[in-house]
Amino acid sequence: MTDRLDRWADPPLLVLASLAGEPKHGYAITQDVAETMGVRLSAGTLYAVIARLEARGLIEPLETDDRRRPYRITMAGAQALAQQSERMSKVASVARERLSTSLGWAGA
Amino acid sequence: MRPPTSPGATPPGSTPPGSAPHRSTLPGTAPPGSTRLARAALALYPPSWRARYGDEVRALLDDSGGGPSAVASVAWRAVPAWICPPRHLHDRPARMRSSLATALAAWSMLTGLGLVFAQLTQLQGFTAPGHPEVRWAYAVFDVSLALSALVAGFGGLPLWLLMLRRAWRERRPRDMVYLLLPLIAPAAYLAALIVTIKLLGRANGVGPWWFLVVALAGFAAAAAAAAGPGLALRRLQPRGPALRVAAAAAGVAAAVMAVAAAAIVVAVVGLCLWEHHFAGYHHGTLPGVYLALVVAATTVTTVSAARGTRAALAEP
């Protein structure tokens, strides 16, 4: 599923989350992000993000003989992802609690 | 650095779990034409970006297929890649060398144009009575040209000596010649000029056609004098403080030269407006072409020098 309410889903965060599991190359990242997070990353967006994350030392390329170079998350990338996840978790918690209080929403 | 949270991580050189192509699970469904178009859109990216990521993006497009959205995405993302290129793709020394070579060539052309201006206006004594702006422009031009040449010369001298010493030490005669061209070419030109004037000159100088020949030969000499160090920069690939000093000096020299160019524009426009009976100023074509060349050379000089200076001053 790809919806347009995913603007909050920052592509760098999606890529970091995807790479937190295991190293992946570009196509594997797009597949993983689409399947697990419901966001389709285009080729241009993905490599703009990869270039930015690599420049900031949050991911690093692995050696390969193939054109499909895998990337893995670095320690700095893992820390950045953990911090951001913590923030998002708080936002989600507050949102769930308030929805439940005001609207009686019990969750999806 | 090893990731702390990627248990499936594999060491460099091996194939990690996610690296196998997934063509069988999601074959490309877009027509081949759009895939080709998306691949062609990669040409819009800066060369360093293409060299680093081009193959990977092509592989991704091969695996996932193209389509109009892929074309648009690849093309659109080329804009930020130019405006704000990723830091790790910056090759500062290469940027400085490339900018220096271009700025030097354009600066030489601009200097040649300035000397033509001096020959056709100041040395002829053309002024516009009642309009001191022309005389002021001459003075600004003289000071700016001299200052720019001094800054360029002194700023580039350490780099030039460094390359000359290396070419000498490594027995690279071709590079020695390239580096000596800024001395050889003007000297040869001046010698030829003196001989030409002695043989063909009249009381009031050479005729218009010979003046054109002499001027074109001067531009050829300036081009050779600038191309020599440019080629040496490319072949010897110097780095370090001398390169940074030269790049920073090129920025200052270009800025001062832009002032000289502005003075040329003021003087030529002033003569066209107020004293158009002088030879060459009675109609706008020749001055117009001349001013267009001046503006073009100034633009290339300042843009190239600014890029080199920015690379020189950037944090390592």
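Residues numbered from 1 in each chain as written. Chains lettered and ligands numbered in written order. Predicted model: local features only at pLDDT ≥ 70, side-chain atom pairs only at ≥ 80, totals over all residues.

Caption draft 1: Fine view of the overall build of chain B. Check the secondary structure of chain B and you find 10 helices and zero strands. Its helices and strands in sequence order give chain B the pattern α-α-α-α-α-α-α-α-α-α, from N to C terminus. Contacts in chain B between residues far apart in sequence, at least 24 positions, make up 84% of those at least 6 positions apart. (Helix = DSSP H or I, 4+ residues; strand = E, 2+ residues; numbered from the N terminus. Contact = placed C-beta atoms within 7 Å.)

Caption draft 2: Seen up close, the overall build of chain A. A tally of helices and strands in chain A yields four helices and two strands. The helix and strand sequence of chain A, counted from the amino end, reads α-α-α-β-β-α. Of all 108 residues assigned to chain A, the portion counted as buried reaches 39%. Partitioning the contacts of chain A with sequence separation of at least 6, the portion at a separation of at least 24 is 51%. (Buried ≥ 20, exposed ≤ 12 C-beta atoms within 10 Å, placed from the backbone.)

Caption draft 3: Fine view of the environment of Val140 of chain B. Structurally, Val140 of chain B can be placed in helix 6 (residues 133-169). In this structure, the C-alpha to C-alpha distance between Val140 of chain B and Val259 of chain B, residues 119 residues apart in sequence, is 7.7 Å.

Caption draft 4: The confidence of the model for chain B, seen in detail. Residues and elements named next belong to chain B. Mean pLDDT over chain B stands at 80; residues scoring 70 or higher make up 81%. A low-confidence stretch, residues 1-31 (pLDDT under 50), is modelled with 70 contacts involving residues beyond four sequence positions or located in other chains. We note a pTM of 0.59 for the whole complex and an ipTM of 0.84 for its interfaces. (pLDDT = per-residue confidence, 0-100.)

Caption draft 5: Structural context of the packing of helix 3 (residues 43-55) of chain A against helix 2 (residues 47-64) of chain B. Where helix 3 of chain A meets helix 2 of chain B, the closest approach of the two axes is 10 Å, and the angle between their N-to-C directions is 145°. In the crossing of helix 3 of chain A with helix 2 of chain B, the sense of the turn from one axis to the other is right-handed. On helix 2 of chain B, the residues that touch Ala43, Tyr47 and Ala51 of chain A of helix 3 of chain A are Tyr53, Glu56, Val57, Leu60, Leu61 and Ser64 of chain B. Looking at the contact of helix 3 of chain A with helix 2 of chain B, its residues break down into seven nonpolar, one polar and one charged. (Axes fitted to C-alpha atoms, helices over the stretch in contact; angles between N-to-C directions. Left-handed = near helix turned anticlockwise from the far one by under 90°. Nonpolar A, V, L, I, M, F, W, Y, C, P; charged D, E, K, R; others polar.)

Caption draft 6: Spotlight on unusual backbone geometry. All names here are of chain B. One non-glycine residue, Arg171, adopts positive backbone phi at about 50°. The exposure class of Arg171 is exposed, given the 8 C-beta atoms found within 10 Å. Within the chain, Gln237 stands out as a residue other than glycine whose phi angle is a positive 45°. Tracing the chain through its elements places Gln237 in the loop between helix 8 (208-236) and helix 9 (241-274).

Caption draft 7: Representation of the packing of helix 7 (residues 173-200) of chain B against helix 8 of chain B. Residue and element names in this part refer to chain B. Where helix 7 meets helix 8, the axes come as close as 7 Å, and the angle between the chain directions of the two elements is 170°. The pairing of helix 7 with helix 8 is recorded here as roughly antiparallel in orientation. A breakdown of the residues in the contact of helix 7 with helix 8 according to their chemical character gives 21 nonpolar, three polar and two charged. (Parallel < 35°, antiparallel > 145°, perpendicular 65-115°, else oblique.)

Caption draft 8: Focus on the environment of Ile197 of chain B. All names here are of chain B. Along the polypeptide, Ile197 turns up in helix 7. Taking the C-beta count within 10 Å as the criterion, Ile197 has 14 such neighbours and is therefore assigned partly exposed. Along the chain, Ile197 and Trp210 lie 13 residues apart, while their C-alpha atoms are 9.4 Å from each other.

Caption draft 9: Broad picture of the confidence of the model for chain A. Residue and element names in this part refer to chain A. Scored by pLDDT, chain A has a mean of 86; 89% of the residues are at 70 or more. Predicted confidence in chain A is weakest over helix 4 (residues 75-103), with a mean pLDDT of 90, and strongest over strand 2 (residues 71-73), with 95. Confidence drops under pLDDT 50 across residues 1-6; counting only partners more than four residues distant or on other chains, this segment forms six contacts.

Caption draft 10: Structural context of the environment of Leu181 of chain B. Residue and element names in this part refer to chain B. Considering the arrangement of structural elements, one finds Leu181 in helix 7. Leu181 gets classed as buried once you count the C-beta atoms within 10 Å, which come to 22. Considering only alpha carbons, one finds Leu181 and Ala227, 46 residues apart in sequence, at a separation of 8.2 Å. Beyond its immediate chain neighbours, meaning those up to four positions away, Leu181 contacts Ala224, Ala225 and Gly228.

Caption draft 11: The arrangement of helix 10 (residues 285-313) of chain B in detail. All names here are of chain B. Here helix 10 spans 42 Å end to end across 29 residues, near enough to the 42 Å set by a 1.5 Å rise per residue. Within helix 10, the full set of buried residues consists of Val294, Ala297, Thr298, Thr301, Thr302, Ser304, Ala305, Arg307, Gly308, Thr309, Ala311 and Ala312. On its buried face, helix 10 is in contact with helix 5 (92-122) and helix 9. (Expected span 1.5 Å × (residues − 1).)

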